[in-house]
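# Observations on chain architecture
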Amino acid sequence: MASSSKAISNSAHQQGQTCIAFSRDGKIAYTGGLDTLVRIWHTDEGEDQEPEAAYEADEGITAVAAASDCWLSGGHDSEVRRYLPGKAQFVGLVASLAGAPIRSLAVDPSGRRVAVASDELSVKIIDLDEITNVVVLQGGHKKRIRKTTWHPLGSILTTSSSDGTIVAWNISDGEAKVEDVIDGVIPEVADPESPEFMHDCSAVWHPSGQYFFAASRTHEIVTISRSTWTRTSSLSDPNTTGATTALALSANGVYLASACNQEVLIWSVQTKRVLWRHPGTPNAFTIQIAFSPTENLLAWTDTEGVLSRWRDAIPASSPDPIRQTAVSSAQGTTTKRKSTPPLWGEEVAVDAEGDDPYGGDDWIIDDLGNGMEEEPEGVRATRAGDGFVKEMVSITKAQPAFQPGSTPMENKKRYLAYNMVGVIEVTDQDTHHIVNVEFHDRSTRKGYHFTDHFKYDLGYLGERGVLFACPPELDHPAQVIYKPYGTWSAQGDWTYALPKGQRVLGLAAGGERPMQSLRDPSSSGGDIQGQGNIVIATNSGDITFLSGSGMERIVLGLEGEYVTMAAAEEYVLVVHRPGATTIDGSQSLVATLISFEDFQVLQEKPLPIPKGHTLRWIGTTEEGGPAIYDSAGYMHVMINHRRPNRAAWARLMDTNALERKQGKDESYWPVGLNQDTFMCLILKGRQEHPGFPRPLIQELPVHLPFRNQDPTDSPIEERIARERIHINLARDALGDELSSPDIDRREIELDKQLLKLVQAACKADKAPRVIELVKRLHFPNSISAASQLAGFYRLIGLQEKIEAIKLWRNENATPAEEAREGRRGLAYEDALLARPKPFQNFNPPPRVERPGLTRSTGIVEQTEFTASNAAIRTGRLQAPEESTSRSASPEGKRKRNENDDDLAPSVFDGDVKRRAVGEYDAVMPLPKPSACIFVQPWGRNKIDHVS
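For the structure given in this document, a descriptive report is provided here. Keep in mind that this is a model prediction, so the values were computed, not measured.

Once that is clear, we can look at the overall build of the protein. Along its length, the protein carries 10 helices and 53 strands. Expressed as a percentage of its 947 residues, the buried residues of the protein come to 45%. Relative to all contacts within the protein whose residues are 6 or more apart in sequence, the contacts with residues 24 or more apart total 49%. Of the roughly 51300 Å² of accessible surface on the protein, 51% is carried by carbon and sulfur atoms.

And the structure:
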């Protein structure tokens, strides 16, 4: 948790290495830097003070130290100078080495001797009262010495070297000798110009003298015992990663201050947990840190030349960092027992010599520090606060947003992207950046480099183009630049500017893989498939979708905090935190799968990250499946991701179980993943990201974390299960197609592996296992082969059952047909899921058609006497004349006239001549029925004709 107080900062020196030391009374702080100056700061003054400076050095200052009656400085000019305490008045030289830069100065607890370390392989211990009295320690190191520290009793001197060793020198009897050499704890740094050389590698002794702390090469803070010179414990925090650059203990040893990743942390030595944090200077790391020996003050200097002072770093409600307590001493101290009020109102008798019946006042051990001392009422009230009980709660630090494949700037170089497409490298040239884009497959895409004046801080390499983003600066807004790979159009690049005050948190570029080389400059080149899809996440809580040509498509709101995202051919996977982190260490991250076509949310699943760990990488497999990798070393892939709301995270591998990692301290930087191979970069120790020169991509085998250890069947079962995962991913993309040649080929290989298990089960006479395996076979020929295996081992009953399975398979749908029907059924099930829930549909009710309840309406009848039927009346008047003109056919039957159809309605409408009721028509007699049709009831289709 963060402390309520804030540090004040002063620009003390130029950029580069700096150093700091407090005077013995804690009233003065001395700082040195590469500007050859040593500044003298008064701790009781604010940030507006004008410090006094010492100008005698010819080159940069690398070390300062305070003795009882003076203070010392050393630097690259190989000289150790002596000054009056608290002043810049030069007294004289203490030592002058032959051209070897001074690396460390350490004054012993008595303040009378100083240990001088340099690029030489020896350490000189100089008596400050008589500088000609020098003890030389040599023979312990093979490379230059970086740091020296004293044991609290002054009998042991520890030296830390560039060769990665810590040597403990015993100088108690006046003759120095090596007591022990501790190897493998601190990192080995050979280059004195590298930033790692400025990291603190000293052995920080606890005031008890029984152990010391050191920043290990595994990025932990380890404890080394004085009695055995071995590691006994370590301090680590799940929310803190990276190298520890500085260490310091409080005066009583209760608190340990460390610096890591532009942050200053204060640990409890007893609980080995982080109590408070304070941010450091942006884009800088702390080089040296120190507690004041007399007051609650913590100060540090960094690579930007800034001095920071954190007053009241330890809250008043916590144990004091100065007063001695039991925590600061492992042996404890005797204290005088306070008088206890008598139980019966009488004092306990004390003899004349002052002895009491309990045997003296030194029988009790103070295991509470000064807890038995009574506090004044005012202090007690201050500690109590408002009278309520307060509890310190450790809240999990939320993982910030990050770009997959990106690294921080170190030594003016970084990676903006590192994936299976290629690499984006950035080199900082102070005024501008040089961006180098290279591809793994140079036959498909052409690499290039350019000068970047916007100083891009985000990048993404997609299948169709490369995406950059720069932060806002002054009046210039944040911008996104997209550079498609196609070369046939000169105007392919475009820029997208964000509103003022907004910045880009993440980028992703998706699209189809090229069918041919994108280096083809013709109009029918490889980019005819389009330029992909662009996704931009901003700090305003939204995600913007754009086309590859820069056309805005939609802006979606994002629930909670954005963390990271990755794009594939048909979707984008967005990881965000809808709520807050939990107290037990969970990041509470959720992955949302959004389609590029219609922006449907296909899946929304929480990430299976163990508590206390963070997400390290997000990407897609070569088969198109979403994949994640966490700090615990687990790789997960989302199965059934093309089936809406039916996905699940399958643990594909556990890197901690790899054979190559056994006995090694290494981690892995993911680059890509396919069915059988995990492409990554190997990181040694607790290294967090790859450096330069660019390391080669390593291929590690993928193994499902199965627990069965059968040496014969387990590898085959693991391979079958892993192959089935990827076949299902490929089959989900078929749609209405039954299968594909690639899937058929893979299923044939899968059947071969299953038949091996069938043979082993038949040999062991495990009939139930054989039946289970046979049901998993895909082709009838494979089932026939299994039947032959059962017959070979004379398992006649089992062979009959296998033949029954084969017969049942021939009469029913094949596994491929069942899978297709399952995909078709998903659409129907999704339609049901889309229906509104009961009592949650507030739309108007649907209209119901009820013909029996319709309102009656008038009908206009059309007769022959209406004006519109005049033509029909004329035709009927001419009907008798035309009827006489009909001729008979040669067979003696009347031949029908061609116009009979036009006069057919007149037969049923009646003649023009008026007739009495019941009078028969003489002209057109009624036809005699020639047949009767009887329709059989109950749905029978037979029709009987009766003449």
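Below, the discussion takes up the sheet that holds strand β20 (residues 221-225). With antiparallel pairing, 4 strands are arranged side by side in an open sheet as β18-β19-β20-β21. Where the open sheet ends on each side, the last strands, each with one partner, are β18 (204-205) and β21 (231-235). Sheet topology places strand β19 (residues 211-215) next to β20; 5 bridges connect them, and they run antiparallel. Looking at the pairing, Ala-215 lines up with Ile-221 of β20.

In terms of burial, strand β38 (residues 533-538) is largely enclosed, as 6 of its 6 residues are buried. Burial along β38 is two-sided: Asn-533, Val-535 and Ala-537 and Ile-534, Ile-536 and Thr-538, pointing in opposite directions, are all buried. Where strand β37 (residues 504-510) and β38 come together, 6 bridges link them in antiparallel fashion. By the bridge assignment, Gly-510 is partnered in β38 with Asn-533. Relative to strand β39 (residues 542-547), β38 runs antiparallel, the two being bridged by 5 bridges. Across the sheet, the residue bridging to Ala-537 is Ile-543, located in β39. In sequence, β38 turns back onto β39 through a hairpin of 3 residues, with Gly-541 there showing a positive phi of about 80°.

Taken together, 4 strands build an open sheet; the order of strands is β37-β38-β39-β40 and the sheet is antiparallel. Each edge of the sheet is formed by a strand with only one pairing partner; in this case those strands are β37 and β40 (552-557). Each strand axis lies, on average, 15° off the axis of its neighbour in the sheet, ignoring direction.

Looking at the secondary structure, you find Ile-697 in the loop between β50 (677-684) and β51 (698-701). Distance in space between the C-alpha atoms of Ile-697 and Gly-672 is 9.6 Å, their sequence separation being 25 residues.

So, on to the nonpolar core. With 50 residues, the main nonpolar core has Val-480, Leu-507, Val-572 and Leu-607 as its most contacted residues. If you look at the next biggest cluster of nonpolar residues, it comprises 25 residues, including Ile-720, Ile-743, Ile-771 and Val-774.

It is worth spelling out unusual backbone geometry at this point. Going from Phe-692 to Pro-693, the amide bond is cis rather than trans, its omega being 0°. Mapping Pro-693 onto the fold places it in the loop between β50 and β51. Within the chain, Asp-430 stands out as a residue other than glycine whose phi angle is a positive 70°. Looking at the element boundaries, Asp-430 is found in the loop between β30 (422-428) and β31 (433-439).

Further remarks concern the pairing of strand β43 (residues 590-595). Of all 6 residues making up β43, 6 are buried, and the element is well covered by its neighbours. Residue alternation in β43 divides its side chains into two sets, Val-590, Thr-592 and Ile-594 and Ala-591, Leu-593 and Ser-595, and both sets are buried. With 6 bridges connecting them, strand β42 (residues 571-577) and β43 associate as antiparallel partners. The partner of Val-572 across the bridge, within β43, is Ile-594. Joining the antiparallel neighbours β43 and strand β44 (residues 601-606) is a turn of 5 residues, in which Phe-599 adopts a positive phi near 65°.

Before going further, it helps to examine the pattern of salt bridges. Counted by the stated rule, this structure contains 38 salt bridges. A salt bridge links Arg-722 to Asp-676; the nearest nitrogen and oxygen atoms lie 2.5 Å apart. Separated by 46 residues along the polypeptide, Arg-722 in helix α2 (residues 713-732) and Asp-676 in the loop between β49 (666-673) and β50 bring together distant segments of the chain. Residue class for Asp-676 comes out partly exposed when judged on its relative accessible area of 41%. In this structure, the salt-bridge partner of Arg-722 is Glu-718, at a minimum N-O distance of 2.8 Å. With Arg-722 and Glu-718 both in helix α2 and 4 residues apart, the pair spans about one turn of that helix. Neither Arg-722 nor Glu-718 differs from the other in exposure class; each is buried. Among the ionic contacts, a cluster of salt bridges with common partners joins Asp-69, Arg-82, Arg-112 and Asp-129.

Attention now goes to the side chain of Arg-309. Tracing the backbone through its elements, the reader meets Arg-309 in strand β28 (residues 306-311). Although Arg-309 lies buried, it forms no salt bridge, and the closest oppositely charged side chain, Glu-47, sits 6.9 Å away as judged by the N-O distance. A polar contact of 3.0 Å, which involves the side chain of Arg-309, links it to the backbone oxygen of Glu-45. Among the polar contacts made by the side chain of Arg-309, one reaches the main-chain carbonyl oxygen of Gly-46 at a distance of 3.1 Å. Beyond its immediate stretch of four places on either side in the chain, Arg-309 contacts Ala-7, Ile-8, Asn-10, His-42, Thr-43, Glu-45, Gly-46, Glu-47, Gln-49, Leu-297, Leu-298 and Ala-299.

Remark: helix α3 (residues 741-763) packs on helix α4 (residues 767-775), axes separated minimally by 9 Å, with the N-to-C direction vectors making an angle of 165°. Of the possible angle classes, the one that applies to α3 and α4 is roughly antiparallel. You can see that α3 and α4 cross each other, and the crossing is left-handed. Mapping the contact onto sequence places Leu-754, Leu-757, Val-758, Ala-761 and Cys-762 in α3 and Arg-769, Val-770 and Leu-773 in α4.

On the surface, Asp-44, Glu-45, Glu-47, Asp-48 and Glu-50 cluster together into a negatively charged patch. Checked against the element boundaries, Asp-44 lands in the loop between β4 (38-42) and β5 (52-54).

Take the environment of Glu-130 next. By secondary structure assignment, the location of Glu-130 is in the loop between β12 (122-127) and β13 (134-138). Residue classification places Glu-130 among the partly exposed residues on the basis of a relative accessible area of 42%. As a C-alpha pair, Glu-130 and Val-94 span 36 residues in sequence and 9.4 Å in three-dimensional space. Side chain to side chain, Glu-130 and Thr-132 meet in a polar contact 2.5 Å long.

Once that is clear, we can look at the packing of aromatic side chains. A ring pair, where both rings are aromatic, is described by two values, the distance of the centres and the angle of the planes. The full count for this structure, using the stated rule, is 22 aromatic pairs. A centroid spacing of 4.2 Å and a plane angle of 10° characterise the contact between Trp-71 and Tyr-83, whose relative ring orientation is stacked. Taken together, the residues Trp-71 in strand β7 (residues 71-75) and Tyr-83 in strand β8 (residues 79-83) connect sequence positions 12 residues apart. The residues Trp-71 and Tyr-83 share a single accessibility class, namely buried.

Next up on the list: the side chain of Thr-62. You can see Thr-62 is positioned in strand β6 (residues 61-66). Among the polar contacts listed, one links the side chain of Thr-62 to the backbone oxygen of Ile-102, at a separation of 2.4 Å. Apart from residues no more than four positions distant in its own chain, Thr-62 is found in contact with Gln-17, Cys-19, Gly-74, Gly-75, His-76, Ile-102 and Arg-103.

Calculation criteria
What you see as residue numbers is a count from 1 along each chain, following the sequence as written. Where local features are concerned, this predicted model is filtered to residues with pLDDT of at least 70; where side-chain atom pairs are given and counted, the filter is 80 or more; whole-chain, interface and lining totals use all residues. The basis for every side-chain value is the complete set of non-hydrogen atoms in the structure, without hydrogens or water. Strands are runs of DSSP state E lasting at least two residues, helices are runs of H or I lasting at least four, and both sets are numbered from the N terminus onward. A 1.4 Å probe rolled over the protein chains alone gives each residue an accessible area, and that area as a share of the maximum for its type sets the label: buried under 20%, exposed over 50%, partly exposed in between. Whether two residues are in contact is decided by their heavy atoms: any pair within 4.5 Å suffices. Here the accessible surface of atoms and residues is derived via Shrake-Rupley with a 1.4 Å probe, and residues count as covered only by protein chains that are part of the display. Criterion used throughout: strands pair if DSSP finds at least two bridges between them. Here an angle of 0 to 180 degrees is reported between the N-to-C directions of two axes, which are lines fitted to C-alpha atoms, with helices fitted over the stretch in contact. The criterion is simple. A nonpolar core is a set of buried Ala, Val, Leu, Ile, Met, Phe, Trp, Tyr and Cys residues joined through side-chain atoms within 4.5 Å. Each reported salt bridge corresponds to a side-chain nitrogen of Lys or Arg within 4 Å of a carboxyl oxygen of Asp or Glu. His is not counted, nor are the chain ends; Lys and Arg add positive charge and Asp and Glu add negative charge. Polar contacts here mean pairs of N or O atoms no more than 3.5 Å apart (in protein, one a potential hydrogen donor and the other a potential acceptor; neighbouring residues in sequence count only if both atoms are side-chain atoms). An angle below 35 degrees is treated as roughly parallel, one above 145 as roughly antiparallel, one from 65 to 115 as roughly perpendicular, and anything else as oblique. Put simply, a crossing is left-handed when the front helix is turned counterclockwise from the back one by less than a right angle, and right-handed when it is turned clockwise. Residues qualify for a patch when their relative accessible area is over 30% and they have no salt bridge, like charges being joined within 9 Å and the nonpolar side chains of Val, Leu, Ile, Met, Phe, Trp and Tyr within 5 Å. Positions of charges follow a simple convention, taking NZ of Lys, CZ of Arg, CG of Asp or CD of Glu. Each Phe, Tyr or Trp ring, with Trp reduced to its six-membered ring, pairs with another whose centre is within 6.5 Å; inter-plane angles below 30 degrees give stacked pairs, above 60 give edge-to-face pairs, and intermediate values give tilted ones.

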